[in-house]
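Remarks on the overall topology
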Amino acid sequence: MESWKPTVNPWLIAIAVMSATFMEVLDTTIVNVALPHIAGSLSASIEEATWVLTSYLVANAIVLPATGWLSRTFGRKRFLITCIIIFTAASAICGAATSLPMLIIARVIQGAGGGALQPISQAVLLESFPPKKRGVAMAAFGMGVVVAPIIGPTLGGWLTDNYTWRWSFYLNLPIGVMAIMMIMAFIEDPPYARAQKRTKIDYWGFALLAVWVASLQIILDKGQQEDWLASHFIRWLGVIGISGLVAFLWRELSTAHPIVDLRVWKNRNFAMGTGMMTILGIVLYGCTALLPLFLQTVLGYPALQSGLTVSPRGFGSIFGMLLVGKLLGFMDGRKLIVIGFCILAYSTNLFGALNLDVASSNVMWPNIFNGFATALIFVPLTTLTMGTLANDQMGNATGIFNLMRNLGGGIGIAMVTTLLARRAQVHQAIMVGHLTPYNPAYQSAITALSKPFGSSPDAFQHASGLLYMSLLRQADLWAYVDNFRLLALLCVCCLPFVMLFKRTKGRGAAMAH
């Protein structure tokens, strides 16, 4: 079974599956900047429009871990083509939506169709390339998974400003048609996939999976907006989610044919790698959420300029992917992961040194290093994680792996947005204590700010208002600094665990077989 090789060039297979993956990952972020336009066009509030994002993420997350079972049941190639058709058709409906409920329903269908694209693409690539070249294959996969979310907001902003938000969805139509044609021509099911017997549908397992994943995803997305445990809605979701998770674990470990085979967690490399990928998701999505907010709310950048300032991260990622694919052929993947986390910690900490007078270049260069470091980690971490698994375990394992990365991203975004609000309040309370007439610095600042108003009786009030606005801006800055430093610390905490990976045969992470 291990000696099976595809009948076509593996790079044709890579182009076919990556076009679908790139389209799906791009859609997770391209709509974000268009939310105000969507709300205005469909007569909805911004809070209501955020369900356009949440509905997609919930449906996507439910399907991810069930991908392996769905592939075995319906046939991988047939299931992959069906998912792309569903995703593409739902994209067309999203673009043509005439009301918010219609758009949300279409996004649920789109998320369900897109949920399987990442893990199936990853499994196909790992199986199609020989072990020595799996690092290169994962570099190709990483191009889509890492670069697409970065260019999504910039592309979405440009389409929305110059055309309409509907083109953020219509863009998927030609890509989807091309992906379907290439997959029909180049992809084939391996013998061990064709030989697998269809099993009974684990209805209870799938229902419990949907309950706890949907509850967790909604909590992460709405928690800060609802003030977390102060909200009855969030508390009830928490109870439902925890109960659903416990019941799901019991069901999947006790049934003969689980929808998600949790026994793969017994593999040390898989367990360690999936845990580290979750942390990488926290750092990656946390940074990509913080930077545009920092540039627009603190530095006052327009949306397009903010996107252009962040987008060089993609160039760092592309360069890193090209380099790491070659390095994995002769270098221990664990060393690359250590180097990557060190660079990621350093570049993230550079964001923690930003101030209110920084130029665009002060943000661009750490961003480029950040993207480069992510590539150095992503490729060897993926190949090491999967390196000691059998080919017939790939579908199930990649579904869990991608789910945990996405959940890590959700945790990262929820964490930084919450800390941003709370830490800004803390710094504001500390600094307000210095606004006293007995502080010489305060007296000097008030005198300087009062001069433009001359002898106006309201000069003191105007000066005090300007000084307080400056204080709020400084408090926000320190909140961002705290967040970036925390993310850098998370990177450092990962370093000791890299050595717990099992040694694999030969060099690189992909030499396990």
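Before any of the text, the structure's been laid out above.
Residues numbered from 1 in each chain as written. Predicted model: local features only at pLDDT ≥ 70, side-chain atom pairs only at ≥ 80, totals over all residues. Heavy atoms only, no water.

Now for the overall build of the chain. Helix and strand counts for the chain come out as 22 helices and zero strands. A globule of 513 residues ought to have a C-alpha radius of gyration of about 24 Å, and the chain, at 24 Å, matches this closely. Expressed as a percentage of its 513 residues, the buried residues of the chain come to 54%. Taking as baseline every contact in the chain between residues at least 6 positions apart, the subset at least 24 positions apart corresponds to 83%. Of the roughly 21,900 Å² of accessible surface on the chain, a fraction of 69% belongs to carbon and sulfur atoms. Between the mean site of the 34 positive side-chain charges and the mean site of the 21 negative ones, the chain shows a separation of 13 Å. (Helix = DSSP H or I, 4+ residues; strand = E, 2+ residues; numbered from the N terminus. Rg over C-alpha atoms; globule rule 2.2 N^0.38 Å. Buried < 20%, exposed > 50% of the residue type's maximum accessible area, 1.4 Å probe, protein only. Contact = heavy atoms within 4.5 Å. Areas by Shrake-Rupley, 256 points an atom, 1.4 Å probe, with all protein chains shown as cover. Lys, Arg positive; Asp, Glu negative; His and termini not counted. Charge placed at Lys NZ, Arg CZ, Asp CG, Glu CD.)

Per the counting criterion, the structure on display carries four salt bridges. The partner of Asp227 in a salt bridge is Arg422, and the shortest N-O contact between them spans 3.1 Å. Taken together, the residues span a long stretch of sequence, with Asp227 in the loop between α13 (203-222) and α14 (232-254) and Arg422 in helix α20 (residues 394-432) at a distance of 195 residues. Here Asp227 falls in the partly exposed class, since its relative accessible area comes to 41%. According to the relative accessible area criterion, Arg422 is partly exposed, its value standing at 33%. The partner of Arg263 in a salt bridge is Asp261, and the shortest N-O contact between them spans 3.5 Å. (Salt bridge = Lys/Arg side-chain N within 4 Å of Asp/Glu carboxyl O.)

Before going further, it helps to spend a moment on helix α8 (residues 117-128). What sets the pattern is the α-helix's 3.6 residues per turn: residues three or four places apart point alike. An ideal rise of 1.5 Å per residue puts 16 Å on 12 residues; α8 measures up with 16 Å between its terminal C-alpha atoms. Taking burial as the measure, the 12 residues of α8 include 12 buried ones, the bulk of the element. Within α8, burial applies to Leu117, Gln118, Pro119, Ile120, Ser121, Gln122, Ala123, Val124, Leu125, Leu126, Glu127 and Ser128. (Expected span 1.5 Å × (residues − 1).)

Next up on the list: helix α11 (residues 172-186). End to end, α11 covers 21 Å across 15 residues, agreeing with the expected 21 Å (1.5 Å per residue, within 8%). Considered for burial, the residues of α11 that qualify are Asn172, Gly176, Ala179, Ile180, Met182 and Ile183. Looking at the buried residues of α11, the elements they touch are α1 (10-26), α6 (76-95), α7 (100-114) and α10 (167-170).

Before going further, it helps to spend a moment on the environment of Leu435. Mapped onto the secondary structure, Leu435 falls in the loop between α20 and α21 (440-450). Given the relative accessible area of 31%, Leu435 is considered partly exposed. Between the C-alpha atom of Leu435 and that of Met102, which follows or precedes it by 333 residues, the distance is 52 Å. Residue contacts for Leu435: discarding those within four places in its chain leaves Tyr442, Leu467, Tyr468 and Leu471.

Here the focus is the packing of α13 against α14. Two numbers describe how α13 lies on α14: the axes approach to 8 Å, and their chain directions differ by 145°. Seen from above, α13 lies across α14 with left-handed handedness. On α14, the residues that touch Trp204, Gly205, Leu208, Leu209, Val211, Trp212, Ser215, Ile218, Ile219 and Lys222 of α13 are Phe233, Ile234, Leu237, Gly238, Ile240, Gly241, Gly244, Leu245, Ala247, Phe248, Arg251 and Glu252. (Axes fitted to C-alpha atoms, helices over the stretch in contact; angles between N-to-C directions. Left-handed = near helix turned anticlockwise from the far one by under 90°.)

Within the fold, Leu419 resides in helix α20. What makes Leu419 partly exposed here is its relative accessible area of 27%. In the structure, Leu419 is positioned 195 residues away from Gln224 in sequence and 9.5 Å away in space, judged by C-alpha atoms.

Attention now moves to a nonpolar patch on the surface. On the surface, a cluster of nonpolar side chains totalling about 390 Å² of accessible area is made up of Val211, Trp236, Val239 and Ile240. It is α14 that contributes the most residues to the nonpolar patch, three residues altogether. Here Val211 shows up in helix α13. (Patch = residues over 30% accessible without salt bridge, like charges linked within 9 Å, V, L, I, M, F, W, Y side chains within 5 Å.)

Okay, the nonpolar core next. Across soluble globular proteins, you tend to see nonpolar side chains buried next to one another. Counting 118 residues, the largest nonpolar core has Ile84, Leu125 and Ile337 as the members making the most contacts within it. With residues up to four places along the chain from it excluded, the contact list for Ile84 reads Ala20, Met23, Leu117, Gly176, Ala179, Ile180 and Ile183. Formed by 22 residues, the second largest nonpolar core is a distinct cluster that contains Leu26, Ala39, Leu42 and Trp165. (Core = buried A, V, L, I, M, F, W, Y, C linked by side-chain atoms within 4.5 Å.)

Turning to the packing of helix α4 (residues 51-63) against α13, a few remarks are in order. Where α4 meets α13, the axes come as close as 9 Å, and the angle between the chain directions of the two elements is 145°. Considering the relative orientation of α4 and α13, their crossing is right-handed. Residues Trp51, Thr54, Leu57, Val58, Ala61 and Ile62 of α4 pack against Phe206, Leu209, Ala210, Val213, Ala214, Gln217, Ile218, Asp221 and Lys222 of α13. Class assignment for the residues of the contact of α4 with α13 results in 11 nonpolar, two polar and two charged. (Nonpolar A, V, L, I, M, F, W, Y, C, P; charged D, E, K, R; others polar.)

What follows covers the state of the cysteines. Enumeration according to the criterion identifies zero disulfides in this entry. Cys83 supplies the cysteine sulfur nearest to Cys94, a cysteine that is in no disulfide, at a spacing of 16 Å. Free of any disulfide, Cys287 has its nearest cysteine sulfur in Cys491, 7.4 Å distant. (Disulfide = S-S within 2.5 Å.)

Summed over the entire model, instances satisfying the criterion amount to eight aromatic pairs. On the basis of an interplanar angle of 90° and a centroid distance of 6.2 Å, the ring pair of Trp165 and Phe169 is categorised as edge-to-face. The class of Trp165 is buried, set by a relative accessible area of 4%. Aromatic side chains Phe294 and Tyr480 sit 5.3 Å apart centroid to centroid with 70° between the ring planes, which places their arrangement in the edge-to-face category. In this pair, Phe294 is assigned in helix α15 (residues 268-298) and Tyr480 in helix α22 (residues 459-498), connecting sequence segments 186 residues apart. (Phe/Tyr/Trp six-rings, centres within 6.5 Å; stacked < 30°, edge-to-face > 60°.)

Here we come to the side chain of Ser347. Mapped onto the secondary structure, Ser347 falls in helix α18 (residues 333-351). Residue class for Ser347 comes out buried when judged on its relative accessible area of 0%. From its side chain, Ser347 meets the backbone oxygen of Leu344 in a polar contact 3.1 Å long. (Polar contact = N/O pair within 3.5 Å; in protein donor to acceptor, adjacent residues only side chain to side chain.)

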